Amino acid sequence: MTKIKIKPWILNLPEYIPGGTIEDIREKYNLKEVYKLASNENIFGPSPKVIEFFQAGFDDIKYYPDSYCRQLREKLSFKLGVDEESIIFGNGTDQVIEMICDAILDDTKNIIIPDPTFLTYEKSALKNNAKVLKVPLLNYRQDVKSIVKSVNKDTAIIFLTSPHNPTGTILTKEEFEYILNNIKDDILIVLDEAYVEFMPEKDKIDSIKYLKHFNNLLVMRTFSKIYGIAGLRIGYGVGDKNLIANITKLMQPFVVNSIAQVAAIISLEDEENINKNIEIIINERERLFKILEKENITFIKSYSNFILVKTGDKSSEIIEELLKNGFMVRGGDFLGFPGYIRFSISLPEINEKFINLFISLFKKYNN
Ligand SMILES: *Cc1c(COP(=O)(O)O)cnc(C)c1O
């Protein structure tokens, strides 16, 4: 064993276990079709125009990418109605979260997160020796009153997610405003909206609008979910220009590759395709809710492209049997919800196959 010393906080981290790939599962169980419903990607994939573009060839990859993402930045700032300088792009939202923490946290600070929540927040805080204060969900929802109560003099960042992962629940406008109005303006509020596009219009809170009045707010979005380009790794944050400028100084210059930049631009242009996919997902979500209700299976009413269902103490058996039949889902053990599974909403015919199989397994193991 090497004598190189690793920092203690890393030694204490659980080992990173990469999920099986579609190819692994296909081989292991000798399957023709495998459906990955484990990571909430968009099964419809990117805009067909993205595929067309890359089929035509893309010679620019011999150059370093544009570190400022100029064209994309212009397009996005116009779409969002914000200044170009208020946007920061990263190699996935994951990286933006990490950079925010690197820029702000140290061993005298803490962050507040709902529990459970997306894992990246905690990891990025621990990396900076900051403390992590966890506020349990209340009825599967982020508990804004308790979050505000947990703030202390060392609190530097509060991470909120709407729709929340893994429950799919949202913050209402009142809850969001409650946080904004009850937190001192030297605490950064990060609102991660990775799944915002899947919300019905009437429930959206137009978070970007609040940036004008709250310069301690940072809104995060991604191209990994509705835009269907998770594999290209690109996400962004929008916030105060000065804050963004400082976080940007920390970034390596070429984290967003040129292929991702072009694909993101084309994706933003093809609103028709996006809207069509959203409509299908929302319809399928409602349909799946009805089916689960009819079967008396407990689930959380999600506003996103996934559903968390209660499976009971035989979850791992159900997951294994789903896998044997070509369906990859996420076990609740990994998500802070033992006894549950989370599955992504897919194409109607795949959902149909999945839900029928799931219900029969649920009944088999809950008798
Ligand atoms: C999927 C997801 C993201 C997106 O991460 P990327 O790094 O942009 O792929 C961010 N936040 C949450 C809560 C997510 O579930």
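All values reported here derive from a predicted model rather than from experimental measurement.

Cut-off values and rules
- Residues numbered from 1 in each chain as written.
- Predicted model: local features only at pLDDT ≥ 70, side-chain atom pairs only at ≥ 80, totals over all residues.
- Heavy atoms only, no water.
- Helix = DSSP H or I, 4+ residues; strand = E, 2+ residues; numbered from the N terminus.
- Rg over C-alpha atoms; globule rule 2.2 N^0.38 Å.
- Buried < 20%, exposed > 50% of the residue type's maximum accessible area, 1.4 Å probe, protein only.
- Areas by Shrake-Rupley, 256 points an atom, 1.4 Å probe, with all protein chains shown as cover.
- Lys, Arg positive; Asp, Glu negative; His and termini not counted.
- Charge placed at Lys NZ, Arg CZ, Asp CG, Glu CD.
- 1 Å grid on protein atoms, 1.4 Å probe; cavity = no way out; pocket = protein on both sides within 12 Å on 5 of 7 lines; lining within 4 Å.
- Points joined across faces, edges and corners; volume = space filled by probe spheres on them.
- Nonpolar A, V, L, I, M, F, W, Y, C, P; charged D, E, K, R; others polar.
- Domains from an automatic or database assignment.
- Contact = heavy atoms within 4.5 Å.
- Buried area = accessible area lost by both parts, 1.4 Å probe.
- Salt bridge = Lys/Arg side-chain N within 4 Å of Asp/Glu carboxyl O.
- Polar contact = N/O pair within 3.5 Å; in protein donor to acceptor, adjacent residues only side chain to side chain.
- Near = heavy atom within 4 Å.
- Pairing = 2+ DSSP bridges.
- Axes fitted to C-alpha atoms, helices over the stretch in contact; angles between N-to-C directions.

(A) Structural context of the overall build of the protein chain. Helix and strand counts for the protein chain come out as 14 helices and twelve strands. Over its C-alpha atoms the protein chain spans a radius of gyration of 21 Å, differing by no more than 12% from the 21 Å that the globule rule assigns to 367 residues. If one aligns the C-alpha atoms of the protein chain with their principal axes, the spans along those axes are about 55 × 55 × 55 Å. When burial is assessed residue by residue, the protein chain has 52% of its 367 residues classed as buried. By element, 52% of the accessible surface of the protein chain is carried by carbon and sulfur atoms, the whole surface being about 18600 Å². Side-chain charges in the protein chain split into 47 positive and 51 negative, and the spacing between the mean points of these groups amounts to 3 Å.

(B) Geometry of the layout of surface pockets. What the second largest pocket holds in volume is close to 700 Å³. Broken down by secondary-structure element, the contributors of at least two residues to the lining of the second largest pocket are helix H4 (70-80), helix H9 (207-210), strand S7 (217-222), helix H11 (258-269) and helix H12 (271-294). The dominant element in the lining of the second largest pocket, judged by the number of residues it contributes, is H12, at nine residues. In terms of residue class, the lining of the second largest pocket is built from 15 nonpolar, five polar and 15 charged.

(C) Quick peek at the domain arrangement of the protein chain. Each assigned domain of the protein chain is listed with its residue range as follows: domain 1 (8-46 + 272-366) and domain 2 (48-269). A straight line from the C-alpha centre of domain 1 to that of domain 2 covers 24 Å. Contacts between domain 1 and domain 2 engage 29 residues on the former and 33 residues on the latter. Counting the surface lost from both domain 1 and domain 2, the interface buries some 2500 Å², and carbon and sulfur atoms represent 69% of this. For the domain 1 face of the interface with domain 2, the top three residues by lost area are Trp9, Pro46 and Tyr303, together amounting to 29%. Linking domain 1 to domain 2 there are zero salt bridges. For the pair domain 1 and domain 2, the number of links is six residue pairs in polar contact (both at pLDDT 80 or more).

(D) Main features of the site of the ligand. Taken together, 13 residues are adjacent to the ligand, and Asp192, Tyr195, Thr222, Ser224 and Lys225 come closest. Thr93 places a main-chain nitrogen or oxygen 2.7 Å from an oxygen atom of the ligand. A distance of 3.4 Å separates an oxygen atom of the ligand from a polar side-chain atom of Lys225. When the ligand is considered free in solution it has 390 Å² of accessible area, and contact with the protein chains removes 94% of it. Residues that form the shell around the ligand fall into these classes: three nonpolar, six polar and four charged.

(E) Structural detail: the sheet that holds strand S4 (residues 131-136). Strand order in the open sheet formed by seven strands is S2-S8-S7-S6-S5-S3-S4, with mixed pairing between adjacent strands. This sheet does not close on itself; its edge strands, each paired only once, are strand S2 (87-90) and S4. Across this sheet, the average inter-strand angle for adjacent strands is 20 degrees, counted without regard to direction. Relative to S7, strand S6 (residues 188-192) is paired through four bridges, and the arrangement is parallel. Directly across from Leu191, in S7, lies its bridge partner Val219. The sheet contacts of helix H6 (residues 119-127) involve strand S3 (110-115), S4, strand S5 (155-161) and S6, and relative to S3 the element is tilted by about 160 degrees. Helix-sheet contacts for helix H10 (residues 241-250) involve S2, S6, S7 and strand S8 (235-238), and the interaxial angle to S2 is about 30 degrees.

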